[in-house]
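Analysis of the macromolecular model
Residue strings, one per chain:
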Amino acid sequence: MKSKKLVSVQPEMLKIVDQTDLQSLDYNALVELGKGVSEVKVYSQWLLGKLGDAVVDKNKQQGSTYGNLIKYAKDVGQIYGVLQQYVNTYRKYTREDPDFSPDKYFGSVPWGMLQMIAMKSDKPVSLLNELVDKGVHSFDHAYREIKTKQTGQIVPKKPKVGFVFSDDSKKWRIKLEPKDFDLIDWANVKEQLIIYLQGLS
């Protein structure tokens, strides 16, 4: 039977940040508080996954007399598909290590990274620790490391593409740094743009 131990949560961190004179603190203190708040954010998703897992288990034991995950998602104000992802992530980590909890990383590992690793590996705890030991603490960096490990190809950083609304043309303009041009495969965009321009003539 898998462990049902409670994880340690630090909700008081939110109160501390809200009631502290942040202007009086130095940068390092703000970094530590930021990590604490990030940890609470990750915990909220982790615990929703744990709660959803309990609902699914109880539903299997007691049948339709006990609420299912779809009903639970609605009752707690969550989108079912998102809650299902939380549950799947929780199960993947605790299947490998029943005592796993995100508190070990003190807010340095975002939820998106935890979830993506769970989707990519049957041993997410081992892969997570491997990446953290290499200094990987973001979704994009983790994705590139995993992709490189799988294919042997070095994956560059994802280019930053933004959109800015133009009051003059009443349309969106693409915002892209020139240094990122070489990181993008323009072939598909070029083909679609040519077809679009031909339709205008």
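Describing the overall build of the protein
A count of helices and strands for the protein gives eight helices and two strands. Mapped from its N terminus to its C terminus, the protein presents α and β elements in the order α-α-α-α-α-α-α-β-β-α. Along the longest, intermediate and shortest principal axes, the C-alpha atoms of the protein span 65 × 50 × 40 Å. Classification of the 201 residues of the protein by burial places 27% in the buried group. For the protein, the accessible surface area stands at approximately 13,900 Å², while carbon and sulfur atoms represent 56% of it.

Details of the pattern of salt bridges
Applying the stated criterion to the full structure yields six salt bridges. When the shortest N-O distance is used, the salt bridge between lysine 71 and aspartate 75 registers 2.8 Å. With lysine 71 and aspartate 75 both in helix H3 (residues 69-75) and four residues apart, this pair spans about one turn of that helix.

Quick word on the pairing of strand S2 (residues 171-176)
Bridge count for strand S1 (residues 161-166) against S2 is six bridges, and the pairing is antiparallel. Bridge pairing links serine 166 to lysine 171 in S2. Turn length for the S1-S2 hairpin, with the two strands adjacent in sequence and antiparallel, is four residues, and the turn residue lysine 170 shows positive phi of about 60°.

Here's the deal with the environment of alanine 142
Tracing the backbone through its elements, the reader meets alanine 142 in helix H7 (residues 139-151). Taking relative accessible area as the criterion, alanine 142 reaches 0% and is therefore assigned buried. Spatially, the C-alpha atom of alanine 142 lies 20 Å from that of isoleucine 184, the residues being 42 residues apart in sequence. Apart from residues lying up to four places away in sequence, alanine 142 is in contact with Met113, Met116, Leu131 and Val136.

Focus: unusual backbone geometry
Of note, the phi angle at lysine 170 is positive, near 60°, even though the residue is not glycine. For lysine 170, the position within the fold is in the loop between S1 and S2.

Thoughts on the nonpolar core
Counting residues in hydrophobic clusters, the biggest one holds 29 residues, and the most contacted among them are Tyr93, Phe100, Met113, Leu114, Ile117, Leu128 and Leu131. Secondary-structure elements contributing two or more residues to this core are helix H2 (27-62), H3, helix H4 (80-96), helix H5 (111-120), helix H6 (124-133) and H7. Excluding its chain neighbours within four sequence positions, the residues that come into contact with phenylalanine 100 are Trp46, Tyr93, Tyr105, Leu114, Val125 and Leu128.

About the thresholds
- Residues numbered from 1 in each chain as written.
- Predicted model: local features only at pLDDT ≥ 70, side-chain atom pairs only at ≥ 80, totals over all residues.
- Heavy atoms only, no water.
- Helix = DSSP H or I, 4+ residues; strand = E, 2+ residues; numbered from the N terminus.
- Buried < 20%, exposed > 50% of the residue type's maximum accessible area, 1.4 Å probe, protein only.
- Areas by Shrake-Rupley, 256 points an atom, 1.4 Å probe, with all protein chains shown as cover.
- Salt bridge = Lys/Arg side-chain N within 4 Å of Asp/Glu carboxyl O.
- Pairing = 2+ DSSP bridges.
- Contact = heavy atoms within 4.5 Å.
- Core = buried A, V, L, I, M, F, W, Y, C linked by side-chain atoms within 4.5 Å.

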